[in-house]
Amino acid sequence: MVGNVYRGNLLDALVPISRFNKGEANKIFDEVRSSGFKVVVKNNAPACVLLTPERYQEIMDMLDDRYLLAVAEERLKNDNGVTYSYEEILADNGLTQEDIDAMEDVEIE
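All residue numbers here refer to positions counted from 1 along the written sequence of the relevant chain. Local features in a predicted model are, by the rule used here, given only for residues with pLDDT of at least 70; side-chain atom pairs are given and counted only at 80 or more, and totals for whole chains, interfaces and linings are based on all residues. Each side-chain value is derived from all of the structure's non-hydrogen atoms; neither hydrogens nor water enter the calculation.

A closer look at the pattern of salt bridges
Item 1. Each reported salt bridge corresponds to a side-chain nitrogen of Lys or Arg within 4 Å of a carboxyl oxygen of Asp or Glu. The final tally for this structure, using the stated rule, is six salt bridges.
Item 2. Ionic pairing is found between Arg-33 and Asp-30, a salt bridge with its closest N-O pair at 2.3 Å. With Arg-33 and Asp-30 both in helix 3 (residues 25–35) and three residues apart, this pair spans about one turn of that helix.
Item 3. To sort residues, take the accessible area from a 1.4 Å probe on protein chains only and compare it with the maximum for the residue type: under 20% means buried, over 50% means exposed, and anything in between is partly exposed. On the basis of relative accessible area, Arg-33 is assigned to the exposed category, the value being 58%.
Item 4. On the accessibility criterion, Asp-30 (43% relative accessible area) is partly exposed.
Item 5. With a shortest N-O distance of 3.4 Å, Lys-77 and Glu-74 are connected by a salt bridge. Here Lys-77 and its partner Glu-74 are both found in helix 4 (residues 53–78), three residues apart, which amounts to about one turn of the helix.
Item 6. By relative accessible area, Lys-77 is classed as exposed at 56%.
Item 7. Residues participating in the shared-partner salt-bridge network are Arg-19, Glu-24, Glu-31 and Lys-38. Starting at the N terminus, helices and strands are each numbered in turn, a helix being any DSSP run of H or I of at least four residues and a strand any DSSP run of E of at least two.

Take a look at the structure:
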């Protein structure tokens, strides 16, 4: 989980860039796979963060969810809390359930 970062494991996550220069990239990538992330430090300042693809996707999904929540909250605020049924939305857009069923399947997360 992304929220499980605390000062102790953040300090353990620091990787001096000199380790890359010494040819330790494979070992560092193994550490990233094990811990989920590493912070590369150059001249005593964070230069970049290395993430596993899974951790990156998790963060992107959280950002997407937060954005969608903000959009939904804004829409509810602007519409004074008025909601519409699925059938009303179909009718307003000139669609039927048969039209929807005939459409190509799309995976929505």
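What to know about the environment of Gly-36
Item 1. Mapping Gly-36 onto the fold places it in the loop between helix 3 and strand 2 (37–42).
Item 2. We classify Gly-36 as buried; its relative accessible area is 6%.
Item 3. Separated by 17 residues in sequence, Gly-36 and Arg-19 place their C-alpha atoms 18 Å apart.
Item 4. When sequence neighbours within four positions are dropped, the list of residues in contact with Gly-36 reads Glu-31, Leu-50, Leu-51, Thr-52 and Arg-55. Only heavy atoms matter for contacts: two residues are in contact if any of them lie within 4.5 Å across the pair.

So, the sheet that holds strand 3 (residues 45–51)
Item 1. Whether two strands pair depends on DSSP finding at least two bridges between them. The mixed open sheet is built from three strands, whose spatial order is 1-2-3. Edge positions in the open sheet fall to strand 1 (14–16) and strand 3, since each of these has one partner strand only. Averaged over all pairs of adjacent strands, the angle between strand axes in this sheet comes to 35 degrees, irrespective of strand direction.
Item 2. Where strand 1 and strand 2 come together, three bridges link them in parallel fashion. The angle between two axes is taken between their N-to-C directions and runs from 0 to 180 degrees, where each axis is a line fitted to C-alpha atoms and a helix contributes only its stretch in contact.

Quick notes on a negative patch on the surface
Item 1. Residues forming no salt bridge and having over 30% relative accessible area are the ones grouped into patches, like charges within 9 Å of each other and nonpolar side chains (Val, Leu, Ile, Met, Phe, Trp, Tyr) within 5 Å. For the accessible areas, the method is Shrake-Rupley and the probe is 1.4 Å, while residue cover comes only from the protein chains on display. Charge assignment: positive for Lys and Arg, negative for Asp and Glu; neither His nor the chain ends contribute. To locate a charge, take atom NZ for lysine, CZ for arginine, CG for aspartate or CD for glutamate. Judged by side-chain charge, Asp-64, Asp-65, Glu-107 and Glu-109 come together as a negatively charged surface patch.
Item 2. Turning to its location among the elements, Asp-65 is positioned in helix 4.
Item 3. Residue Asp-65 is classed as exposed on the basis of its relative accessible area, which comes to 52%.

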